[in-house]
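Chain residues, written in single-letter form:
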Amino acid sequence: MTTLSADSLKRGKLRALRESRVRVWSSKMLPMLFSSPNPDTNPDTEAASEFSAEDAMLSSLQPKPFEDFAALYAETEQETHAVSRLLLEETLGLATPLPDVVRHIVASGGKRLRSRLLIASAKLLGCQSKKKVLQGTILLGGAIEAIHCASLLHDDVVDGSKMRRGLPAAHHVWGAQASVLVGDFLFARAFDLMCRQSEMKILTLLSQTALRLTQGEVRQLYSARALSMTPDESLDIVRDKTGALFRAATLSAALLARASTQKQRALALFGEQFGIGYQLTDDMLDYLGESRTLGKSRGDDLRDGKITYPLVLCLSRIGRKQRRRIEQLLVRSDCASGEIDEVASLMRETGCFDDCASVAKKALVAGAEALEGIGDARLRGILQHACLASLGRLS
Ligand code: FPP
Ligand code: MG
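Now for a quick tour of the structure. (Residues numbered from 1 in each chain as written. Chains lettered and ligands numbered in written order. Predicted model: local features only at pLDDT ≥ 70, side-chain atom pairs only at ≥ 80, totals over all residues. Heavy atoms only, no water.)

### Side note on helix α11 (residues 231-256)
Counted only if it meets this: Numbering goes from the N terminus for both helices and strands, where a helix is a DSSP run of H or I of at least four residues and a strand is a run of E of at least two. Helix span, expected: 1.5 Å multiplied by one less than the number of residues in the helix. In this analysis the local bend is the angle between axes fitted, respectively, to the seven residues ending at and the seven residues starting at the residue. Three exposure classes are used, based on accessible area relative to the maximum for each residue type with a 1.4 Å probe and protein chains only: buried under 20%, partly exposed in between, and exposed over 50%.
Taking 1.5 Å of rise per residue, 26 residues should cover 38 Å, and α11 covers 35 Å from first to last C-alpha, within 8% of that figure. Roughly 50° is the biggest bend found in α11, and it falls at glycine 243. The buried fraction of α11 amounts to 20 of the 26 residues, a majority that puts the element mostly inside the structure. After α11 finishes, the residue arginine 258 shows a positive phi value of roughly 50°.

### Here's the deal with the packing of aromatic side chains
As a reminder of what qualifies: Only Phe, Tyr and Trp rings are paired, with Trp represented by its six-membered ring, and only when their centres lie within 6.5 Å; those with planes under 30 degrees apart are stacked, over 60 edge-to-face, the remainder tilted. Sitting over a ring, as applied to charges here, requires NZ of Lys or CZ of Arg to be within 6 Å of the ring centre and within 35 degrees of the ring normal.
Under the counting rule described, the total for this entry stands at 4 aromatic pairs. Centre to centre, the rings of phenylalanine 270 and phenylalanine 274 are 5.8 Å apart; their planes meet at 80°, and the pair counts as edge-to-face. Here phenylalanine 270 pairs with phenylalanine 274, and both are found in helix α12 (residues 261-288), just 4 residues apart, close to one helical turn. Like phenylalanine 270, the residue phenylalanine 274 is buried in the burial classification. By way of ring pairs, the aromatic residues Phe246, Phe270, Phe274 and Tyr278 are connected into one cluster. Taking the ring centre of tyrosine 73 as reference, the NZ or CZ of arginine 116 above it sits at 4.1 Å.

### Quick word on the site of ligand 1
For the record, the criterion: Any residue with a heavy atom positioned within 4 Å of a molecule or strand is treated as near that molecule or strand. Side-chain atoms alone can form a polar contact between residues adjacent in sequence; in general such a contact is a pair of N or O atoms within 3.5 Å, and within protein one must be able to donate a hydrogen while the other accepts it. All accessibility values rest on the Shrake-Rupley procedure with a 1.4 Å probe; residue burial counts only the protein chains present in the view. Under the grouping applied here, Gly and all other residues not named as nonpolar or charged are polar, the nonpolar ones being Ala, Val, Leu, Ile, Met, Phe, Trp, Tyr, Cys and Pro and the charged ones Asp, Glu, Lys and Arg.
Ligand 1 sits among 14 residues. The nearest are Asp159, Arg164, Lys241, Lys296 and Lys306. Arginine 164 has a polar side-chain atom sitting 2.8 Å from an oxygen atom of ligand 1. The separation between an oxygen atom of ligand 1 and a polar side-chain atom of glutamine 279 is 3.5 Å. Here ligand 1, which alone exposes 630 Å², has 91% of that area covered by the protein. Of all the secondary structure elements, the ones that give two or more residues to the shell around ligand 1 are α7 (131-159), α10 (200-223) and α11. At 5 residues, the largest contribution of residues to the shell around ligand 1 is made by α7. In terms of residue class, the shell around ligand 1 is built from 2 nonpolar, 5 polar and 7 charged.

### Things to note about the coordination of the magnesium ion (ligand 2)
Each donor-metal-donor angle in an ideal tetrahedron of four donors is 109.5 degrees, and each such angle in an ideal octahedron of six donors is either 90 or 180 degrees. As a reminder, the rule being used: Water is absent from the atoms considered, so a metal site may look incomplete; donors are defined as N, O and S atoms within 2.8 Å of the metal, or 3.2 Å for Na, K and Ca.
Surrounding the magnesium ion (ligand 2) are the protein donor atoms Asp155 (OD) and Asp159 (OD), at 2.0 to 2.1 Å. Of this pair, aspartate 155 and aspartate 159 both sit in helix α7, 4 residues apart, which is roughly one turn of that helix. Judged by its relative accessible area of 14%, aspartate 155 is buried. Aspartate 159 gets classed as buried once you look at its relative accessible area, which sits at 13%.

### Here we look at the environment of leucine 255
The line we're drawing: Here a residue-residue contact requires only that any non-hydrogen atoms of the pair lie within 4.5 Å.
By the element assignment, leucine 255 lies in helix α11. By relative accessible area, leucine 255 is classed as buried at 9%. In contact with leucine 255, other than residues within four places in its own chain, are Lys201, Ile202, Leu205 and Gln264.

### Describing the environment of arginine 298
Of note, arginine 298 is situated in the loop between α13 (291-294) and α14 (300-303). Under the relative-accessibility criterion, arginine 298 is labelled buried at 15%. Along the chain, arginine 298 and aspartate 286 lie 12 residues apart, while their C-alpha atoms are 5.2 Å from each other. Not counting residues up to four positions away in its chain, the partners in contact with arginine 298 are Asp286, Tyr287, Gly289, Ser291, Arg303, Ser337, Ile340 and Asp341. One polar contact links arginine 298 to serine 337, side chain to side chain, over a distance of 3.2 Å.

### Considerations on the side chain of threonine 250
For threonine 250, the position within the fold is in helix α11. With relative accessibility at 0%, the residue threonine 250 sits in the buried group. There is a polar contact of 3.3 Å between the side chain of threonine 250 and the backbone oxygen of arginine 247. Excluding its chain neighbours within four sequence positions, the residues that come into contact with threonine 250 are Leu117, Ser121, Leu267, Ala268, Phe270 and Gly271.

### Thoughts on empty space enclosed by the protein
The following threshold applies: Only protein atoms enter the 1 Å grid, on which a cavity is a set of points fitting a 1.4 Å probe that cannot get out and a pocket is an open set with protein on both sides within 12 Å along at least 5 of 7 lines, lining residues being those with an atom within 4 Å of a point. Grid points are joined across faces, edges and corners, and a volume is the space filled by probe spheres set on the points.
Applying the stated criterion across every chain yields a total of 3 cavities of 30 Å³ or more. Its boundaries defined by the atoms lining it, the largest cavity holds a volume of some 60 Å³. Taken together, Gln220, Ser223, Met229, Ser234, Ile237, Val238, Lys241, Asp283, Ile307, Thr308 and Tyr309 make up the full set of residues lining the largest cavity. Elements represented by at least two residues in the lining of the largest cavity include exactly α10 and α11. It is α11 that provides the largest number of residues to the lining of the largest cavity, a total of 4 residues.

### Thoughts on the packing of helix α5 (residues 98-106) against α7
Rules: Fitting a line to C-alpha atoms yields each axis, with helices limited to the stretch in contact; the angle taken between N-to-C directions then spans 0 to 180 degrees. Under this scheme an angle from 65 to 115 degrees is roughly perpendicular, one under 35 degrees roughly parallel, and one over 145 degrees roughly antiparallel; angles in between are oblique.
The N-to-C vectors of α5 and α7 enclose an angle of 100°; their axes lie 10 Å apart at closest approach. Taken as axis vectors, α5 and α7 run roughly perpendicular relative to one another. Taken together, the residues of α7 that come into contact with α5 (itself represented by Val101, Ile105 and Val106) are Cys149, Leu152 and Leu153. Residues of the contact of α5 with α7, tallied by class, amount to 6 nonpolar, no polar and no charged.

### Remarks on a nonpolar patch on the surface
What counts here: Patches here are clusters of residues that have more than 30% relative accessible area and form no salt bridge, with a 9 Å joining cutoff for like charges and a 5 Å cutoff for nonpolar side chains (Val, Leu, Ile, Met, Phe, Trp, Tyr). When a carboxyl oxygen of Asp or Glu is within 4 Å of a side-chain nitrogen of Lys or Arg, the pair counts as a salt bridge.
Taken together, the side chains of Val158, Val218, Leu221 and Tyr222 present a nonpolar region at the surface, about 420 Å² in accessible area. Broken down by element, the residue count for the nonpolar patch peaks at 3 residues, all from α10. Within the secondary structure, valine 158 sits in helix α7. By relative accessible area, valine 158 is classed as partly exposed at 44%.

Below, the structure written as structure tokens:
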């Protein structure tokens, strides 16, 4: 792998590199996505110097859409389009590089899974023909996607990730400062959007969800390299970091639809368990997947010193010498692919993937079952199928 050396990247060369990256990526796949980054923005020299030719090649491929979400996609396509438009439109005319960074994170092929679940859940609860409720789902879908995108911009800086959705992470193009500030902007936009509907319970839910998300991320950061983390503590982080926003999406739909308390509970459980199963699958894919398919670099969790659920299981099942080895790898940010394979093999041999998959499956089954008996069978089937099929991303 050819890595660009930091010395060779004098300021002018760096700018040329950034511009040529933008040219390569934009000409290959998303012509409407980029305008030139502002040459006056502060380049993230260190980050850019880590960028390699291999990364550039990987970035020419978008992550593969997951077929089992096809019915959910089809059911929610029109409204999801409106959600994306909402996020993009209102950046027009704003200060550089705000519109570019927002376009980069919003239009780069994310699944919009959370807003799709919100929209489909509202339909499940009988809102198909209620125009006002459907408009509310678009505003709230926008708010939830804005929170999600903001959290990804921040997360990629925190994790030092190079790739996101098959493209360079925003901080690699515009620098960490711009990335964090645009994350703040999107977070503020989320509150702006959610205030355009006047349901106090939903405002409270989304505010508390943002707190949980942040707490999950902080706990994850400070538990990094804490080899003593228990599987339950790790699952709590997953519940806060990912389960909470999925839960907020589906529960918002129930609140918008003024569903009964029983249905609110069912929808909340559905979203939360879907999110937990989804994140656990993601955590396994980080070791088992291919960067090309994932749209991000395989093995980043280990390189970031991040102890995810499958690794927590593994650490509790191996001897002192092997723990020592993992400890050494966790403090290095440059683990090679072979070293990621080495940890993945240990996980496989100690049954950690099987056990993590079965915890994920249990969550996904509980999520799907929570919807039993609710609403129209076709819509329910679509939501249950998407939930159960989440684990299939592993195959
Ligand atoms: C991705 O996890 C990150 C999250 C699910 C949440 C990140 C949350 C924050 C940064 C705090 C909240 C911020 C705001 C603005 C509300 P991952 O790193 O495991 O997944 P990845 O591999 O896709 O990066
Ligand atoms: Mg990350």
